[in-house]
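Here's the letter readout for the chains.
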Amino acid sequence: MADNLSDALKKLKLASADSTTDSVESCLDCLLKALAHNNADASGKIQEMGVLPLLPTLLAPQSSCTPKVANIIAEVAKNEFMRSPCVEAGLIPPLVQLLHSKDHEVLLQTGRALGNICYDSHSLQAQLINMGVIPTLVKLLGLHSDNTALTEMCLIAFGNLAELESSKEQFASTNIAEELVRLFQRQAEHEKKEMIFEVLAPLAENDVIKLQLVEAGLVECLLDVVVHTVDGVREEDVAQLKTASDLMVLLLLGDESMQKLFEGGKGSVFQRVLSWVPSHNHQLQLAGALAIANFARNDGNCIHMVESGIVQKLLELLDRHVDEGNVTVQHAALSALRNLAIPVVNKAKMLSAGVSDTVLKFLPSEMPPVQFKLLGTLRMLIDTQADAADQLGTNGKLVERLVEWCEAKDHAGVMGESNRLLSALIRHSKSKDVVKTVIQGAGVKHLVVMATSEHMIMQNEALVALGLIAGLDLVGAEKDFVGAGLVQVLHKLLSDEMSAPEVKYNSMVIICAVMGSEPLHKEVQGLAFIDVVSKLRSHENKTVSHQASLTEQRLTAQS
């Protein structure tokens, strides 16, 4: 075989110089046979004999050898070590030109060859995109949608190219959405549908394409898949249900596509997705809750959804999962409730519907994503709601759990949210009982640490809460203030030129408030606050300079 191959390669070099088609054809047949017998060895030999640079001239659009030459390149490029030599031999430009051919066999082998050469190489795939293959392939898909082999070739190519960010803009300027939806509607086989899904998922990450897919009718296809697979027990039904419902949620991540499907809350798609929440199928419950969380991305939608009774559905879903304990469903339902609780008019309605009671059932959860959403939901609910903040802030179990989570060093999100909720309970209730509960639960030191956060919002929230603690129960908090080094923290915040005006203002308010405590007063005197504060009298922010004057008077009077 090896000798035959060497002879064939030598003949091919001669024949391609004279371009005598018959002898070229027989040499090519011999090459294909050798590649089928032992691809790696034959490829190495082809490389050794310097045959690759001869192939571009044999890839003439009119030549009868072209499909075989493209087939040889496709076979050779299955080997990783052959891909760079193929590029260096200049095979990509003539292959790209062949994508305009009318011959099915040429198209098929060309697609394979390009796919194999560029396999796993983002830079080569980017080169193909720059050479304009995307519009060409989309056109091919439209022209040859009846040819199974060619459609598969296009889908594999799209799947590879769609991963690249640079491809999305080009795809968006073609009618890929219509072509893929049309193709999807005609598929009966699971494998074919899966292939199309694999192209749709990366494409649907682009907002322009999301809208095109919605307009091309993809949503109806997805809803149809859900209906046909929801009760299926076969593995492929379960897989299709997951893919279709995940894709549906992805389409709702675009603002325009989401609003188009919401249709003011009257949309049939919106109604169908709502019916997923009470479903017996976990995957659909998850997708339904995530869809609501996505629809709840603007106040108008949130208000409409709360009025239409969605909260009850979500609470029933969560109640089912206190025991069933599906973490992804818990997380999704809590995300939806958190988003719905953002508009002020929804808070009281949601509280009276019993949202906080249901959410508290998940306090024992050991799953950080659930803890994070639970905290965010409660924080949204009590914003401006004094009674609710009072009720939750005097709940010893909740405060105890928050203090525990304030130390969750491995989970920065949970740690940040529990600090913010602790502060919010005090700020919104302004209640002595809540302050007392937080002091008893050892929460004060965490608020002092929170005041040193790199996020100005969190610094401020902590300082306002600390000011209220000092104002409402200085005696009770005195020991914790000293232990946590509150006075030193305030000195640092006031001395730091980078501190925001609000941070400086709130720090001075606390200084005035703690002067009534002997040990804290001593610490204030020991740190020469008067120098720092007198500098702030000339601060450009009037509120800060005014507070600096008041604080200076207070410090002078009590020194």
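Residues numbered from 1 in each chain as written. Predicted model: local features only at pLDDT ≥ 70, side-chain atom pairs only at ≥ 80, totals over all residues. Heavy atoms only, no water.

If you look the protein chain up in an unreviewed UniProt entry, it shows as Rap1 GTPase-GDP dissociation stimulator 1 isoform X3 from Salmo salar.

K.L.:
Looking at this structure, I do not really get the environment of Leu422. What am I missing?
P.N.:
Examined against the element boundaries, Leu422 turns out to sit in helix α29 (residues 412–429). For Leu422, a relative accessible area of 0% corresponds to the buried category. It is 7.7 Å that separates the C-alpha atoms of Leu422 and Gly443, two residues lying 21 residues apart in sequence. Ignoring anything within four residues of it in the chain, the contact list for Leu422 reads Val399, Leu402, Cys406, Val438, Gly443 and Leu447. (Helix = DSSP H or I, 4+ residues; strand = E, 2+ residues; numbered from the N terminus. Buried < 20%, exposed > 50% of the residue type's maximum accessible area, 1.4 Å probe, protein only. Contact = heavy atoms within 4.5 Å.)

K.L.:
Explain the nonpolar core here, please?
P.N.:
In this structure, Leu340 and Phe481 are the most contacted members of the largest nonpolar core, which totals 195 residues. Top contributing element to this core by residue count: helix α32 (residues 456–483), with 11 residues. Beyond its immediate chain neighbours, meaning those up to four positions away, Phe481 contacts Val444, Leu466, Ile469, Ala470, Leu474, Leu486, Val514 and Leu520. (Core = buried A, V, L, I, M, F, W, Y, C linked by side-chain atoms within 4.5 Å.)

K.L.:
Explanation requested: the packing of aromatic side chains in the structure shown.
P.N.:
The relative placement of two aromatic rings is captured by the distance of their centres and the angle of their planes. All chains considered together, the criterion is met by five aromatic pairs. Measuring from ring centre to ring centre gives 5.6 Å for Phe158 and Phe171, while their planes differ by 80°; the resulting arrangement is edge-to-face. Placement of the pair is Phe158 in helix α11 (residues 148–161) and Phe171 in helix α12 (residues 165–172), with a sequence separation of 13 residues. For the residue pair Phe158 and Phe171, the accessibility class agrees, reading buried in each case. (Phe/Tyr/Trp six-rings, centres within 6.5 Å; stacked < 30°, edge-to-face > 60°.)

K.L.:
Would you mind showing me how to read the packing of α32 against helix α34 (residues 501–514) here?
P.N.:
The relative placement of two packed helices comes down to the angle between their axes together with the axis-to-axis distance. Their axes nearest at 9 Å, the elements α32 and α34 cross at an angle of 5°. One way to sum up the angle between α32 and α34 is to call them roughly parallel. Taken together, the residues of α34 that come into contact with α32 (itself represented by Met456, Gln459, Asn460, Leu463, Val464, Leu466, Gly467, Ala470, Leu474 and Phe481) are Glu502, Val503, Asn506, Ser507, Ile510, Ala513 and Val514. Within the contact of α32 with α34, the residues separate by chemical class into 11 nonpolar, five polar and one charged. (Axes fitted to C-alpha atoms, helices over the stretch in contact; angles between N-to-C directions. Parallel < 35°, antiparallel > 145°, perpendicular 65-115°, else oblique. Nonpolar A, V, L, I, M, F, W, Y, C, P; charged D, E, K, R; others polar.)

K.L.:
I'm lost on the UniProt feature "repeat: ARM" (unreviewed entry) in the protein chain in this one. Help?
P.N.:
In the UniProt entry, the feature "repeat: ARM" (unreviewed entry) is given for residues 90–132 and 309–341. Its end C-alpha atoms 17 Å apart, residues 90–132 is made of 70% helix and 0% strand. Between the C-alpha atoms that bound residues 309–341 the distance is 13 Å, and the span itself is 88% helix and 0% strand. (UniProt positions renumbered as here; feature names shortened; annotations may be inferred.)

K.L.:
Any chance you could explain the pattern of salt bridges here in plain terms?
P.N.:
For side chains of opposite charge, pairing can occur when their charged atoms come near one another. With the rule as written, the count across this model stands at 21 salt bridges. One salt bridge connects Glu75 with Lys78, and the closest N-O pair in it is separated by 3.0 Å. According to the relative accessible area criterion, Glu75 is buried, its value standing at 14%. A network of salt bridges, in which partner residues are shared, links Glu25, Asp29 and Lys68. (Salt bridge = Lys/Arg side-chain N within 4 Å of Asp/Glu carboxyl O.)

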